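Here is what each chain is made of, one letter per residue.
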Amino acid sequence: MRLILLGPPGAGKGTQAQKIAREYGLYHLSTGDVLREALEAGTELGRQAKAYIDKGELVPDEVVIGLVKEKLGTPEVSATGFLLDGFPRTLAQAKALDALLEELDQELDAVVNLEVQPLTIVDRLAKRRVCKQCKASFHLEFNPPIVAGVCDYCGGELYQRSDDQEETILRRLNVYQQQTEPLITYYAQQDLVINIDGERSVDEVSRLIGEQLAELTNKHDCA
Ligand code: AMP
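Our subject in this report is the structure included herewith. (Residues numbered from 1 in each chain as written. Predicted model: local features only at pLDDT ≥ 70, side-chain atom pairs only at ≥ 80, totals over all residues. Heavy atoms only, no water.)

## Re the overall build of the protein
Along the protein, the regular secondary structure elements total 10 helices and 8 strands. Computed over the C-alpha atoms, the radius of gyration of the protein is 17 Å, within 12% of the 17 Å expected from 2.2 N^0.38 for a compact globule of 223 residues. Dimensions along the principal axes, computed over C-alpha positions, put the protein at roughly 50 × 40 × 30 Å. Long-range contacts, defined here as pairs at least 24 residues apart, represent 70% of the contacts in the protein between residues at least 6 apart. In the structure as shown, the protein presents an accessible area of about 11500 Å², 49% of it carried by carbon and sulfur atoms. Between the averaged position of the 24 positive side-chain charges in the protein and that of its 36 negative side-chain charges there is a distance of 5 Å. (Helix = DSSP H or I, 4+ residues; strand = E, 2+ residues; numbered from the N terminus. Rg over C-alpha atoms; globule rule 2.2 N^0.38 Å. Contact = heavy atoms within 4.5 Å. Areas by Shrake-Rupley, 256 points an atom, 1.4 Å probe, with all protein chains shown as cover. Lys, Arg positive; Asp, Glu negative; His and termini not counted. Charge placed at Lys NZ, Arg CZ, Asp CG, Glu CD.)

In structure tokens form, the structure reads like this:
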């Protein structure tokens, strides 16, 4: 399967992506995670991305498109399929992905769009804590770790992302509405969009996505 997870920051893309990728054996590509890792490692890519991430703005298209091409173009990913989390975020990125998939003779199966209201997003991101090691995400109120500051899954240290401060959250939300939201229409025109109510609990959202993907797989098997 080849999937895109679309939705505003804080919609739960990372959390759901980890679950879906595990269940279906898909290669999970989070461009945000790749950029943050590059930043921590102090690579050239990290240095290029830092100022944009800190301000809540998008890293230039050519930089992100380059890294996605590198990752998706491998025989391993062609064999397993993929789940894109945080990419594409602009029309130019969506078109570059189309061109890449055509080159690879592959097609997208679905775009899962997590719908969440702006007020929910601000609350979720301000109270989000992320594991430094396995990137699992927690919410201080609704999904707190068993031991404060420690990841339930791998024991890693939890931290607050620097771009999860209120001012940067509002900027990211604005960037999403201006640059990424139009992609819903772009993919709807290709009849690929599956809308999911992202306001529900983590488990409920997983269940809803699971149902839709099962339907999709059945359709493919029957075709
Ligand atoms: P995320 O972890 O998906 O919320 O991404 C964190 C930050 O990384 C974003 O606010 C952007 O600065 C940058 N970023 C991640 N993915 C992309 C993308 N596809 N295009 C441009 N910038 C991105």
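## Digging into empty space enclosed by the protein
For the structure shown, the criterion picks out 1 cavity of 30 Å³ or more. In this structure, the largest cavity is lined by Ile65, Val68, Lys69, Phe87, Ala96, Leu97 and Leu100. Contributions of two or more residues to the lining of the largest cavity are made by α4 (61-72) and α6 (91-103). A class-by-class count of the residues in the lining of the largest cavity yields 6 nonpolar, no polar and 1 charged. (1 Å grid on protein atoms, 1.4 Å probe; cavity = no way out; pocket = protein on both sides within 12 Å on 5 of 7 lines; lining within 4 Å. Points joined across faces, edges and corners; volume = space filled by probe spheres on them. Nonpolar A, V, L, I, M, F, W, Y, C, P; charged D, E, K, R; others polar.)

## Regarding the site of the ligand
By nearness alone, 16 residues border the ligand, and Thr31, Arg36, Glu57, Gly86 and Gln93 come closest of all. Val59 is positioned with one of its backbone polar atoms (N or O) 3.0 Å from a nitrogen atom of the ligand. The side chain of Arg89 places a nitrogen or oxygen atom 3.0 Å from an oxygen atom of the ligand. Burial of the ligand by the surrounding chains reaches 96%, relative to a free accessible area of 480 Å². Considering every element that reaches the shell around the ligand, the biggest residue donor is helix α2 (residues 31-41), with 4 residues. The residue makeup of the shell around the ligand, split by class, is 6 nonpolar, 4 polar and 6 charged. (Near = heavy atom within 4 Å. Polar contact = N/O pair within 3.5 Å; in protein donor to acceptor, adjacent residues only side chain to side chain.)

## Considering the packing of aromatic side chains
Counted according to the given criterion, the structure contains 2 aromatic pairs. Where Tyr186 meets Tyr187, the ring centres are 5.1 Å apart and the plane angle is 80°; that geometry is what we call edge-to-face. Grouping residues by exposure puts Tyr186 and Tyr187 together as buried. A cation over an aromatic ring shows up here: Lys132 above the ring of Tyr159, its NZ or CZ 5.8 Å from the ring centre. (Phe/Tyr/Trp six-rings, centres within 6.5 Å; stacked < 30°, edge-to-face > 60°. Buried < 20%, exposed > 50% of the residue type's maximum accessible area, 1.4 Å probe, protein only. Lys NZ or Arg CZ within 6 Å of the ring centre and 35° of its normal.)

## Comments concerning the layout of surface pockets
Volume-wise, the second largest pocket comes out at about 170 Å³. Taken together, Asp98, Leu101, Glu102, Gln106, Glu107, Leu108, Gln190 and Leu192 form the lining of the second largest pocket. The residue makeup of the lining of the second largest pocket, split by class, is 3 nonpolar, 2 polar and 3 charged.

## Focus: unusual backbone geometry
Of note, the amide linkage connecting Phe87 to Pro88 takes the cis form, showing an omega dihedral of 0°. Within the secondary structure, Pro88 sits in the loop between β3 (82-85) and α6. Phi is positive for Asp105, which is not a glycine, with a value near 60°.

## A short note on the pattern of salt bridges
Taken as a whole and assessed by the stated rule, the structure comprises 17 salt bridges. Among the ionic pairs, Glu157 bridges to Lys132, the shortest N-O distance being 3.7 Å. Of this pair, Glu157 sits in the loop between β6 (137-139) and β7 (158-159) while Lys132 is found in the loop between β5 (128-131) and β6, placing the two residues 25 residues apart along the sequence. Residue classification places Lys132 among the partly exposed positions, given a relative accessible area of 43%. Overlapping salt bridges, with partners in common, bring together Arg128, Arg161, Asp163, Asp164 and Arg172 in one network. (Salt bridge = Lys/Arg side-chain N within 4 Å of Asp/Glu carboxyl O.)

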